[in-house]
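Given next are the chains, with one letter for each unit.
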Amino acid sequence: MVVPPAAGGAVLACAVLLWIGSLFYPSARPVSLYYGRPLKGSVIVLDPGHGGIDSGSHYEERILEKDIVLAVGLELRRLLNQAGATVIMTRERDEDTSKYIPGDPASRYQRDMHGRLKVINESGADLFLSLHLNSFSDPTVRGAIAFYSPGRPENKILAETIQKQVNPLMASDPKPGQTVHSSPKEGSYLLINEANIPGIILEMGFMTSPIDREIFTEPCNQGKLAQAIFLGIVEYIYTKA
Ligand SMILES: [Zn+2]
């Protein structure tokens with residue numbers, strides 16, 4: 001397990017430090033996005049991918065996608081709650097969501113995917129985010145990719161907004177010989193195709209990239225990732241309003 005029991009506290013401690021830092025080094029973003037409860041009245045679904053017997057991608061059997069995406073998702077929930085949003089999690093522990101769709105155990109994967117879709121489509125939320133980590137045969141490929149369903153303009157806007165915020169962390173310092181993803185892409189996946197609310201699948205980085213692994217396995221960076229996604233959500237909701 002890459003996320004030890006104390007990791008939640010470490011992410012929180014890092015988030016507090018980041019917040020204090022933002023007071024002394026304010027960015028060009030409107031200050032109003034940082035203070036008060038800018039997301040009061042908003043409802044957001046967070047879907048940390050995989051869980052339970054489904055680890056997702058992994059590295060050396062000890063760094064598991066399901067743990068990383070849950071750690072980032074729980075910290076993101078904390079930030080969203082703090083900003084006044086109501087957050088619905090498809091899972092908040094190490095389990096999948098197949099329990100929401102009773103049926104043949106052999107169809108667990110399909111029931112899990114439809115379980116997530118059920119939570120999203122019954123939520124009445126403003127948007128959803130499905131959190132994942134990518135993998136590829138070439139370890140020099142790195143960076144985040146926000147996938148959106150073609151033909152749904154609001155999803156593309158959400159993908160662009162989140163991608164822009166995540167890039168400074170996940171696409172920083174590109175070196176010759178690396179392929180660094182930094183643009184949203186069209187994708188055809190059940191959740192983004194069939195959800196009845198805007199949403200994206202965010203591949204936060206590549207499990208197969210040593211550079212990305214170094215970033216997203218560090219609890220402080222998990223806090224930074226959550227904060228970047230949080231700012232993207234705030235920007236999207238304010239742009240849409
Ligand atoms: Zn995944």
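Worth saying up front: this structure is predicted, and the values here are computed from it rather than measured. (Residues numbered from 1 in each chain as written. Predicted model: local features only at pLDDT ≥ 70, side-chain atom pairs only at ≥ 80, totals over all residues. Heavy atoms only, no water.)

## Let's talk about the overall build of the chain
In step 1: What the chain contains, in helices and strands, is seven helices and ten strands.
In step 2: Buried positions account for 51% of the 241 residues belonging to the chain.
In step 3: The long-range share in the chain, meaning contacts at least 24 apart out of those at least 6 apart in sequence, stands at 79%.
In step 4: Accessible area of the chain: about 10900 Å², with a carbon and sulfur share of 58%. (Helix = DSSP H or I, 4+ residues; strand = E, 2+ residues; numbered from the N terminus. Buried < 20%, exposed > 50% of the residue type's maximum accessible area, 1.4 Å probe, protein only. Contact = heavy atoms within 4.5 Å. Areas by Shrake-Rupley, 256 points an atom, 1.4 Å probe, with all protein chains shown as cover.)

## Overview of the packing of aromatic side chains
In step 1: Tallied over the entire structure, the rule returns one aromatic pair.
In step 2: Note on phenylalanine 147 and tyrosine 189: the rings are 5.6 Å apart at their centroids and 80 degrees apart in plane angle, and the pair reads as edge-to-face. Separated by 42 residues along the polypeptide, phenylalanine 147 in strand E7 (residues 145–148) and tyrosine 189 in the loop between strand E9 (185–186) and helix H5 (190–194) bring together distant segments of the chain.
In step 3: Lying across the ring of tyrosine 59, arginine 213 places its NZ or CZ 3.4 Å from the centre. (Phe/Tyr/Trp six-rings, centres within 6.5 Å; stacked < 30°, edge-to-face > 60°. Lys NZ or Arg CZ within 6 Å of the ring centre and 35° of its normal.)

## A look at the sheet that holds strand E1 (residues 43–48)
In step 1: The strand order across the open sheet formed by six strands is E4-E1-E5-E10-E7-E9, and the pairing between neighbours is mixed. Taken across any chain shown, the strands that pair with only one partner, and hence form the sheet edges, are strand E4 (86–89) and E9.
In step 2: Here five bridges tie E1 to strand E5 (residues 127–134), and the two strands are oriented parallel to one another. The residue of E5 that forms the bridge with proline 48 is leucine 131. (Pairing = 2+ DSSP bridges.)

## Digging into the coordination of the zinc ion
In step 1: Donor atoms from the polypeptide that coordinate the zinc ion comprise His50 (NE2), Glu65 (OE) and His132 (ND1), at 2.0 to 2.2 Å from the metal.
In step 2: Along the chain, the residues donating to the zinc ion are arranged with the sequence spacing H-x14-E-x66-H. Of the two residues, histidine 50 sits in the loop between E1 and strand E2 (58–59) while glutamate 65 sits in helix H2 (residues 65–82), which places them 15 residues apart along the sequence. Grouping residues by exposure puts histidine 50 and glutamate 65 together as buried. (Donors = N, O, S within 2.8 Å, 3.2 Å for Na, K, Ca; no water.)

## Focus on the nonpolar core
In step 1: One finds Leu39, Leu80, Leu129, Ile229 and Ile233 to be the most contacted residues of the largest nonpolar core, which totals 43 residues.
In step 2: Here the element with the most residues in this core is helix H7 (residues 219–240); it accounts for ten residues.
In step 3: Apart from the residues within four sequence positions on either side, isoleucine 233 is in contact with Leu39, Ile44, Leu76, Leu80, Leu127, Leu129 and Ile162.
In step 4: Judged by nonpolar contacts, the second largest core, of 17 residues, contains Val45, Val119, Phe147 and Leu191. (Core = buried A, V, L, I, M, F, W, Y, C linked by side-chain atoms within 4.5 Å.)

## Section: the pairing of strand E10 (residues 199–206)
In step 1: Counted residue by residue, E10 has eight buried out of eight residues, so it is predominantly covered.
In step 2: Pairing geometry for E5 and E10, over six bridges, is parallel. By the bridge assignment for E10, leucine 129 is matched with isoleucine 200.
In step 3: As paired elements, E7 and E10 share three bridges and run antiparallel to each other. Counterpart to phenylalanine 147 in the pairing with E10 is isoleucine 201.

## A look at the pattern of salt bridges
In step 1: This model, assessed by the stated rule, comprises 15 salt bridges.
In step 2: Taking the shortest distance from any N to any O, the salt bridge between glutamate 60 and arginine 62 comes out at 3.0 Å.
In step 3: Here glutamate 122 makes a salt bridge to lysine 118, at a shortest N to O gap of 3.1 Å.
In step 4: Members of the salt-bridge network, linked through shared partners, are Asp47, Asp96, Arg108, Asp112 and Arg116. (Salt bridge = Lys/Arg side-chain N within 4 Å of Asp/Glu carboxyl O.)

## Overview of the side chain of glutamate 203
In step 1: Residue placement: glutamate 203 occurs in strand E10.
In step 2: It turns out glutamate 203 is buried and unbridged, and the closest side chain with the opposite charge, arginine 116, is 12 Å from it.
In step 3: A distance of 3.1 Å separates a polar atom in the side chain of glutamate 203 from the backbone nitrogen of asparagine 134.
In step 4: Leaving out residues up to four positions away in the same chain, glutamate 203 has contacts with His132, Leu133, Asn134, Gly143, Ala144, Ile145 and Phe147. (Lys, Arg positive; Asp, Glu negative; His and termini not counted. Polar contact = N/O pair within 3.5 Å; in protein donor to acceptor, adjacent residues only side chain to side chain.)

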